[in-house]
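Chain and residue survey
As a plain string of letters, each chain reads:
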Amino acid sequence: MILSYTQISKYLRCPRSYRYHYLDGWREKDTRAAMIFGRCFEKALAALFRREDPAAALFEEWGAFREASLECKKGESWDRLVHQGVHLLERFAQENRVCIRAPQKNLQIKVVRALPGGHEFVAYLDAIGELDGQPCVIDWKTTTSRYPEDPEGLLSLDPQLLSYSWISGIPAVALVVFVRKHRPEIQYLKAVISEERRQEFGRLVEATAAQIGAGEFPAHSGIRFPQNGCMSCAHLGLCLNDQQLIDADLIRCRGASSLDWLDELVD
Ligand code: SF4
């Protein structure tokens with residue numbers, strides 16, 4: 001079994017949803033404009049670090065989706081997204097706080113760690129570089145609203161950053177958040193993950209791998225107003241046996257489970 005952060009977090013959120021996705025092959029229809037734009041934007045960032053033209057790279061990547069029928073939120077459009085993206089790239093270059101040496105080697109880095117029982121954990125780190133001169137693991141995010149910064153230390157609890165610190169053995173982590181709003185903004189959020197937290201995360205991964213291996217997939221429905229996780233779960237139609245919801249949100253992919261670790265690339 002090859003596990004990733006995405007798989008572990010999906011299992012911890014609701015084991016039944018994990019089973020639907022990874023074992024039964026029910027996949028969310030991937031047509032959200034913001035998510036696809038985020039992937040294109042990261043390719044433009046990579047071009048910037050390779051000293052190529054990032055705006056041209058963004059137009060090329062995002063241009064492939066110009067005629068696609070994508071799900072846009074209110075106020076979103078192909079043009080608006082590209083406009084915001086170019087602004088953010090310009091601002092990021094001007095602020096010049098992030099340095100990635102040898103970008104061919106230090107962007108989208110695949111790291112694999114062996115787990116007990118012959119399993120493996122795989123992660124794709126967005127970047128290993130320096131933020132304000134401090135070496136760290138960096139994760140890029142594109143979003144429409146600012147990430148919370150208070151209380152202090154909040155970021156050190158972020159499970160994705162914990163997983164990256166654990167697998168890389170690098171204590172310093174950072175999120176570079178590209179906020180797509182009227183006045184584009186970039187947040188540079190830093191945290192240091194302690195050895196104790198990294199070890200704790202490692203034990204969580206091993207315990208989760210053992211539960212998955214034992215075929216334990218109970219439903220964690222989370223029906224509690226107002227934080228009802230089922231409302232944002234793509235598999236709600238399956239749990240409610242609602243064919244209309246299933247047709248609207250999911251597609252069935254058979255025989256793709258050996259490629260599931262590729263999900264990690266979209267985070
Ligand atoms: S709808 Fe709720 S119970 Fe069903 S898989 Fe999703 S989170 Fe789990």
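The notes below deal with the structure included here. Keep in mind that what you see is a predicted model, and the values were worked out from it rather than measured. (Residues numbered from 1 in each chain as written. Predicted model: local features only at pLDDT ≥ 70, side-chain atom pairs only at ≥ 80, totals over all residues. Heavy atoms only, no water.)

What follows concerns the packing of helix α1 (residues 5-13) against helix α2 (residues 15-23). Contact geometry of α1 with α2 gives a least axis separation of 5 Å together with a crossing angle of 135°. By the angle class used here, α1 and α2 are oblique. Residue-level contacts link Thr6, Gln7, Lys10, Tyr11 and Arg13 of α1 to Pro15, Ser17, Tyr18, His21 and Tyr22 of α2. Class assignment for the residues of the contact of α1 with α2 results in four nonpolar, four polar and two charged. (Axes fitted to C-alpha atoms, helices over the stretch in contact; angles between N-to-C directions. Helix = DSSP H or I, 4+ residues; strand = E, 2+ residues; numbered from the N terminus. Parallel < 35°, antiparallel > 145°, perpendicular 65-115°, else oblique. Contact = heavy atoms within 4.5 Å. Nonpolar A, V, L, I, M, F, W, Y, C, P; charged D, E, K, R; others polar.)

One face of the sheet, then the other: side chains in a regular strand alternate in exactly this way. Taking burial as the measure, the eight residues of strand β7 (residues 172-179) include eight buried ones, the bulk of the element. What you see with β7 is no split at all: Ala172, Ala174, Val176 and Phe178 on one side and Val173, Leu175, Val177 and Val179 on the other are buried throughout. Where strand β6 (residues 134-143) lies against β7, seven bridges are found, and the strand directions are parallel. Paired with Asp139 across the bridge in β7 is Leu175. For the segment spanning β6, helix α7 (residues 159-168) and β7, crossover handedness is right-handed. Sheet analysis places β7 next to strand β8 (residues 185-192), joined by eight bridges and oriented antiparallel. Opposite Val173, over in β8, you have Ala191 as the bridge partner. What sits between β7 and β8 in their antiparallel hairpin is a turn of five residues. (Buried < 20%, exposed > 50% of the residue type's maximum accessible area, 1.4 Å probe, protein only. Pairing = 2+ DSSP bridges. Right-handed = clockwise from strand over helix to strand, strands pointing away.)

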